[in-house]
Amino acid sequence: SEFVFAAGEMSTIINKRKDSEGVLPMLTDMMDNPDSYERTTVARGVDYVHNPTPTALMCSTEEWVHGMMPAGIFEGGFMSRVIPCVAKGKARTLAIPRELDGAARRGPGLALKQLLTAHPSLRFELDPFVQKVYALWYERLHTTEPDDRRLMGWQARLHGHLLKLA
């Protein structure tokens, strides 16, 4: 089950409010891509999601992340499953940004899905040189502690993020 969620602000999904307490554990569990995810609610009973593969793009400011995220989010499992992208300032300023049409938004993901559907035996492999560079980096990663101990969980999963991106 593929699903994408988007929000204008990260705070609409992840925050310190009581009504969003269940969101982080649910997303954390689903980000490990289990065969099936089960959630029981009083109103609906049991809901099942088979092969969950969540994708999210959440944006915020550095100040908000440091001050408004729920306690323990960095030490827990959620942030170790996230790839943060940091921008210092705006890359461009547009008075009236143009709206992307639906086809432009879906294009890259749809093209990859069509390629894999047309060629189910297609495999992606790392070049031997890249494998050696990755192995050296991996060893250095696991023998170096991060500057901020709250990032240890994230650093422990960094190699997995990198392989998924490759």
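Refer to the preceding data block for the structure.
Regarding the packing of helix α4 (residues 128-141) against helix α5 (residues 152-165)
Okay, so step 1: At a minimum axis separation of 10 Å, α4 and α5 run at an interaxial angle of 165 degrees. One way to sum up the angle between α4 and α5 is to call them roughly antiparallel. Seen from above, α4 lies across α5 with right-handed handedness. Residue-level contacts link Tyr134, Trp137, Tyr138 and Leu141 of α4 to Gln155, Leu158, His159, Leu162 and Leu163 of α5.

Considering helix α1 (residues 23-30)
Okay, so step 1: All of the buried residues along α1 are Leu24, Leu27, Thr28 and Met30. With its buried residues spanning 170 degrees around the axis, α1 presents them on a single face.

Quick word on α4
Since there are 3.6 residues in each turn of an α-helix, residues three or four apart along the chain are aligned in direction.
Okay, so step 1: With 14 residues, α4 ought to run about 20 Å at 1.5 Å a step, and its terminal C-alpha atoms sit 20 Å apart, in line with that.
Okay, so step 2: Regarding α4, its N-cap is aspartate 127, as a side-chain oxygen of that residue lies 2.8 Å from the backbone nitrogen of phenylalanine 129 further along.

Considerations on a nonpolar patch on the surface
Okay, so step 1: Residues Leu112, Leu115, Leu116, Leu122 and Phe124 make up a contiguous nonpolar surface patch of about 450 Å² in total accessible area.
Okay, so step 2: Along the chain, leucine 112 turns up in helix α3 (residues 102-118).

Focus: the nonpolar core
The nonpolar side chains of a soluble globular protein tend to be buried with one another.
Okay, so step 1: Formed by 14 residues in total, the largest nonpolar core has its most connected members in Ile14, Met69, Ile73, Phe78 and Met79.
Okay, so step 2: In this structure methionine 69 touches Met10, Ile14, Lys16, Trp64 and Met79, once residues within four positions along its chain are discounted.

A few points about the pairing of strand β2 (residues 36-41)
Okay, so step 1: Alignment of β2 against strand β3 (residues 45-50), held across 6 bridges, turns out to be antiparallel. Of the residues in β3, the one forming a bridge with threonine 41 is glycine 45.
Okay, so step 2: Counted between consecutive antiparallel strands, the loop separating β2 from β3 contains 3 residues.

Brief notes about the side chain of arginine 81
Okay, so step 1: Tracing the backbone through its elements, the reader meets arginine 81 in the loop between α2 (62-68) and α3.
Okay, so step 2: Given a relative accessible area of 15%, arginine 81 falls into the buried group.
Okay, so step 3: Engagement of the side chain of arginine 81 in a polar contact is seen with the backbone oxygen of threonine 28, the distance being 3.4 Å.
Okay, so step 4: At a separation of 2.8 Å, a polar atom in the side chain of arginine 81 contacts the side chain of aspartate 32.
Okay, so step 5: Look past the residues within four positions of arginine 81 in its chain and what remains in contact with it is Thr28, Met31, Asp32, Arg157 and His161.

Section: the packing of aromatic side chains
Okay, so step 1: In total, this model carries 2 aromatic pairs according to the counting rule given.
Okay, so step 2: Ring centres of tyrosine 134 and tryptophan 137 lie 5.7 Å apart, and the angle between their planes is 40 degrees; this geometry places the pair in the tilted category. You can see tyrosine 134 and its partner tryptophan 137 sitting in helix α4, 3 residues apart, about one turn around the helix.
Okay, so step 3: Overall, tyrosine 134 belongs to the buried group, its relative accessible area being 18%.
Okay, so step 4: Of the residues examined, tryptophan 137 reaches a relative accessible area of 23% and is grouped as partly exposed.
Okay, so step 5: Cluster of aromatic residues (ring-pair linked, three or more members): Tyr134, Trp137 and Tyr138.

Reading guide: rules and limits
- Residues numbered from 1 in each chain as written.
- Predicted model: local features only at pLDDT ≥ 70, side-chain atom pairs only at ≥ 80, totals over all residues.
- Heavy atoms only, no water.
- Axes fitted to C-alpha atoms, helices over the stretch in contact; angles between N-to-C directions.
- Helix = DSSP H or I, 4+ residues; strand = E, 2+ residues; numbered from the N terminus.
- Parallel < 35°, antiparallel > 145°, perpendicular 65-115°, else oblique.
- Left-handed = near helix turned anticlockwise from the far one by under 90°.
- Contact = heavy atoms within 4.5 Å.
- Buried < 20%, exposed > 50% of the residue type's maximum accessible area, 1.4 Å probe, protein only.
- Arc of directions from axis to C-beta.
- Expected span 1.5 Å × (residues − 1).
- Polar contact = N/O pair within 3.5 Å; in protein donor to acceptor, adjacent residues only side chain to side chain.
- Patch = residues over 30% accessible without salt bridge, like charges linked within 9 Å, V, L, I, M, F, W, Y side chains within 5 Å.
- Areas by Shrake-Rupley, 256 points an atom, 1.4 Å probe, with all protein chains shown as cover.
- Salt bridge = Lys/Arg side-chain N within 4 Å of Asp/Glu carboxyl O.
- Core = buried A, V, L, I, M, F, W, Y, C linked by side-chain atoms within 4.5 Å.
- Pairing = 2+ DSSP bridges.
- Phe/Tyr/Trp six-rings, centres within 6.5 Å; stacked < 30°, edge-to-face > 60°.

Geometry only, nothing functional implied.
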